[in-house]
Amino acid sequence: MDAAMLTAVGAMLAAALTAAAAMYGHRGANRAAREGGALNGFNSLTDQLQEERKELRSELATLRAELAAEKAETARLRLLVTQLGGTP
């Protein structure tokens, strides 16, 4: 084999290796993009759940206050019935 033939064979091998490396790199970039999208979706969902939990805690506090007021009113009415001579 002469030098021109070796150069041509070397160029073909280099082109094949370059194409393989480009395909592998592109697959890695696609995977990174998918994983990035999944992380963004997870963060968005987490934020939404935290906001919903905050709203539910606020609603729970309101309901607890209403229940305490109802219990106090019930106790007041029982006392009033007892004072008036009845049995609650």
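Everything here concerns the structure above.
Conventions and cut-offs
- Residues numbered from 1 in each chain as written.
- Predicted model: local features only at pLDDT ≥ 70, side-chain atom pairs only at ≥ 80, totals over all residues.
- Heavy atoms only, no water.
- Helix = DSSP H or I, 4+ residues; strand = E, 2+ residues; numbered from the N terminus.
- Buried < 20%, exposed > 50% of the residue type's maximum accessible area, 1.4 Å probe, protein only.
- Areas by Shrake-Rupley, 256 points an atom, 1.4 Å probe, with all protein chains shown as cover.
- Patch = residues over 30% accessible without salt bridge, like charges linked within 9 Å, V, L, I, M, F, W, Y side chains within 5 Å.
- Salt bridge = Lys/Arg side-chain N within 4 Å of Asp/Glu carboxyl O.
- Lys, Arg positive; Asp, Glu negative; His and termini not counted.
- Charge placed at Lys NZ, Arg CZ, Asp CG, Glu CD.

Draft legend 1. Broad picture of the overall build of the chain. Assigned secondary structure in the chain consists of 1 helix and 0 strands. In the chain, which comprises 88 residues, the share counted as buried stands at 0%. Accessible surface, the chain: about 7900 Å² in total, of which carbon and sulfur atoms supply 64%.

Draft legend 2. Up close: a negative patch on the surface. Taken together, Asp 47, Glu 51, Glu 52 and Glu 55 make up a surface patch of like negative charges. Position of Glu 55 among the secondary structure elements: in helix α1 (residues 3-83). The class of Glu 55 is exposed, set by a relative accessible area of 56%.

Draft legend 3. Examining a nonpolar patch on the surface more closely. A contiguous nonpolar patch, built from Met 5, Val 9 and Leu 13 and spanning about 270 Å² of accessible area, is present on the exposed surface. Turning to its location among the elements, Leu 13 is positioned in helix α1.

Read these as spatial facts, not as claims about activity.
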